[in-house]
Each structure stands twice: as C-alpha cells, then as structure tokens.
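A closer look at the structure
Take a look at the letters that make up each chain.
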Amino acid sequence: MANVPLWDVFDALDDIDPDNYADVDVLIPFLLHVEPKPTYVRFSLDADRWTNQVCWRNFRFRKADLSSLCHHLGLPQRFVGPNRIVWSGIDGLCIVLRRLCYPDRLSDLCLDFGRSESDLSYICNVTIDWMYARWSHLLSKLDKPWITAAKLQSFAAVVGAKAPLQNCVAFVDGTARKSCRPGIGQRLFFSGHKRYHCLKFQSVVLPNGIVIHFTGPYEGRRHNASMLRDSGLLPQLQQYFQRPAANGGGTYCVYGDPAYPIRAQLIVPYRNVNIMQDERDFNKDMSSAQQCVEWQFSKVVQQFAFLDFSRNLKILLQPVAKMYLIGVNLTSCHTCLYGSQTGTYFKTDAPTLQETCIEHAGISQYSAR
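Model, not experiment: these values are computed from the prediction.

Criteria and thresholds
Residues numbered from 1 in each chain as written. Predicted model: local features only at pLDDT ≥ 70, side-chain atom pairs only at ≥ 80, totals over all residues. Heavy atoms only, no water. Helix = DSSP H or I, 4+ residues; strand = E, 2+ residues; numbered from the N terminus. Contact = heavy atoms within 4.5 Å. Areas by Shrake-Rupley, 256 points an atom, 1.4 Å probe, with all protein chains shown as cover. Salt bridge = Lys/Arg side-chain N within 4 Å of Asp/Glu carboxyl O. Buried < 20%, exposed > 50% of the residue type's maximum accessible area, 1.4 Å probe, protein only. Pairing = 2+ DSSP bridges. Arc of directions from axis to C-beta. Axes fitted to C-alpha atoms, helices over the stretch in contact; angles between N-to-C directions. Parallel < 35°, antiparallel > 145°, perpendicular 65-115°, else oblique. Phe/Tyr/Trp six-rings, centres within 6.5 Å; stacked < 30°, edge-to-face > 60°. Core = buried A, V, L, I, M, F, W, Y, C linked by side-chain atoms within 4.5 Å.

1. Some words on the overall build of the chain
In terms of regular secondary structure, the chain is built from 16 helices and nine strands. Sequence separation of at least 24 residues holds for 66% of the intrachain contacts in the chain that already meet a minimum separation of 6. Counting only carbon and sulfur atoms, one obtains 51% of the accessible surface of the chain, whose full area is about 19,100 Å².

2. What to know about the pattern of salt bridges
All chains considered together, the criterion is met by eight salt bridges. Of the charged contacts, one joins Arg 222 and Asp 230 as a salt bridge, the two residues approaching to 2.1 Å between their closest N and O atoms. We classify Arg 222 as buried; its relative accessible area is 16%. Among the ionic pairs, Asp 230 bridges to Arg 229, the shortest N-O distance being 3.3 Å. On the basis of relative accessible area, Asp 230 is assigned to the partly exposed category, the value being 42%. Residue classification places Arg 229 among the exposed residues on the basis of a relative accessible area of 62%. Linked through salt bridges whose partners overlap, the residues forming this network are Arg 49, Arg 98, Asp 104 and Asp 112.

3. Description of the pairing of strand E6 (residues 211-219)
One ladder, built from six bridges, connects strand E5 (residues 196-205) with E6; its direction is antiparallel. When the bridges of E6 are listed, Leu 199 appears paired with Glu 219. In textbook terms, the turn of a hairpin is the stretch between consecutive antiparallel strands, and for E5 and E6 this stretch comprises five residues, one of which, Gly 209, has a positive phi near 95°.

4. What about helix H3 (residues 52-59)?
What sets the pattern is the α-helix's 3.6 residues per turn: residues three or four places apart point alike. When we look at burial in H3, the residues that qualify are Val 54, Cys 55, Asn 58 and Phe 59. One side of H3 holds all its buried residues, which, seen down the axis, span an arc of 95°. Of the surrounding elements, those touching the buried residues of H3 are helix H4 (63-73), helix H5 (89-101) and helix H6 (110-113). Phi turns positive, to about 70°, at Arg 60, one or two residues after H3.

5. Notes on the packing of H5 against helix H7 (residues 117-135)
The geometry of H5 relative to H7 is characterised by a closest axis approach of 9 Å and an angle of 100° between their N-to-C directions. It follows from the interaxial angle that H5 and H7 lie roughly perpendicular. Side by side, H5 and H7 meet where Gly 92, Leu 93, Ile 95, Val 96 and Arg 99 of the first sit next to Leu 120, Ile 123, Cys 124, Thr 127, Ile 128 and Met 131 of the second.

6. Quick notes on the packing of aromatic side chains
Within the structure shown, the criterion is met by 18 aromatic pairs. Geometrically, the ring pair formed by Trp 87 and Tyr 122 is edge-to-face, given 6.1 Å between the ring centres and 90° between the ring planes. Remark: Tyr 122 occurs in helix H7 and Trp 87 occurs in strand E2 (residues 86-87); sequence separation between them is 35 residues. In this structure Trp 87 comes out as buried when scored by relative accessible area, which is 2%.

7. Here's the deal with the nonpolar core
Counting 100 residues, the largest nonpolar core has Phe 59, Leu 73, Phe 171 and Leu 330 as the members making the most contacts within it. Apart from the residues within four sequence positions on either side, Leu 73 is in contact with Leu 93, Trp 130, Met 131, Trp 135, Leu 330, Cys 333 and Cys 357.

If you want it as structure tokens, here you go:
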C-alpha cells in the first residue's frame, strides 16, 4: 500500500459509520498501515560533501581544524550510551557545533548526520556534559601556564597604548542571557533592569580576545557587584596578577563599569557628577577600550546563534548554562585559530590551541550513564 497522508486518515475517520461493517473494512488498511522507517546515511567528515566552505557554514570551523580541535579537547575516540548508541568523538563535536551554530530543529539535522532526532538529542547532551566536566575549570581559574609575567606585561603595554591606565591587563563585565519564562521561580530569574527572565554570567577578557575567567550562572535578579563577590575573582587577581618589582611593583588590575566596587585589583570609572575634564577624558578613553568585552559577548552569539534564541532556551528543562559555557569555550578556541576583533584592535595575537588546552591523557572510550 502506498504512503497515505495523515489527513486522509482523519477524513476517513470522519466518514465512518460504526454500524456499517463495510465502512469498517475500508478503515482496516489505514489502521494496519505502518510508515516505513526512514533510512539515513551516517555522517563522515571525510565525505566529499563536507568541504571547507560547508564546514565553516555548519560548524564555524574549517574542515582541517575540526580534527585538531577534537584532539586538543581530548574527546574520546568512542562514546557508548546505555541504550547502545555508539558515536565517535569527532561526530559528537560536529553534532554539538551544528546544534549550537543555528536554532534549527533536530529534524533538520537528521539528514546531515544520519541519525534520528532522539539519538541526536542524546548525543548532543552527553557530549556537552563531557566537555563541561572536562574543560569548565579552564574558565574558573586564572593560573594558566601560558599566562606568564612577560605576557601580563605585554597586555598592560597594549592596553596602555590605547588607554591611560598603564597596569590594566583585562576587562570585566556581566551579561544577561534572555530565556523563556520558567514555570517556577519566575521572580528569581526575572531581571528588573532588563525586564525579562534570564541567566547572568560574568566574564573577564584579555586584550588578545581570550576569555580568561568566566563564572555563572547567576539568577537574573543579581547585581554585578554580587556576582563579583561570589565569583572569587578578586582573591585570584591578588594571587596571580602581581607586578614584578622590575616593572614598578604593585599589582596588575582589571577594568570594569561603574556597577563594580573599586579595589586595588579592580578599577572603575569616576562616578561623581561634577568631575574634572581630565577625569572625563579618562572615563571616555577607558570606555573605548572596555568595549572589547561586549565584542566577545557578541562573538559568542554570532558564532553560535542557538544561544541567542531565547524562545528555545528553557531554564530547568535544558542545560542552558552548560550550553552557554561550552559556547564561550568553543569561541575562545575559534579565537585561537582565526583571531578576533579584540585582538585586531589591540594588535596582539591569541595563544595557540595547544597552549590554551591542558595536555590530556588519551581516552579511547567513554561510557555514558
């Protein structure tokens, strides 16, 4: 029997007389008909259709760089799910990148990866969980091997060439990621300033475009000063951002907006109404340099538009915070490979993937629970 559209079945049900056996006999073929299971061709990055241009459009990375990214992130060669789903590390990475790069339906990804919607959803969630558990520490600690005293001095020099503050090495700001209205805890996630429900995050960006410190999520009603207190950023700045005596001693600092308190490691604009002209010039010049934080926030949602599609970001139903953190991490990897607007503005290069990703032990298989 040929495929029968669903509306034809509904029309047949409307015309059926239950007391007429002839009508019931007509309905039997509709009830016994089973739609054939769709056949898919499994994804392979080596296929001819996945050219550099197609990979850039669908994954935001060039074809040759995807294998390098998978290697440096240390993704297992083989994932095994409890329902016997098996996929490779490169497959999981490509599915996550494809899912985040644009707010498509899962059904739109079936033909690309040769898997059902349920399989794609499961693979995406498990891979994101693995990447979060393995690499989230990169965004919560400042003690990174590639950030040396010479690097900090060079960051202070490039910022000092654009702004009057000579010991500033990074910029801090908060962002609110809009989401659907949650079913419970609406007051908790509602931002009175933004006038919508959201999760908040705090980010510290270096002049080379790398997000060196990223914390969250925080409730939508939280203030920047409250996020700063809970992030533990100031004690880490005091510990790791000390300025050598040969360079004048003291400490390096980060620059934030007026919502933050002023500290030795955190400088903010002059906040009085009646300020001197040189203080106004200071605020203006530092504000021009601080906009690099907004550039990085914009780059995350430009590269991974799914994270900006608030209608499908459902708090308490989806791992919204994990997806955004992974998006930030992948954006930093993107900056390492292709640069950023921030690095171009300050004329400084980002580190390599090998420098930013800690050496990993080879993992052959990961069994999801």
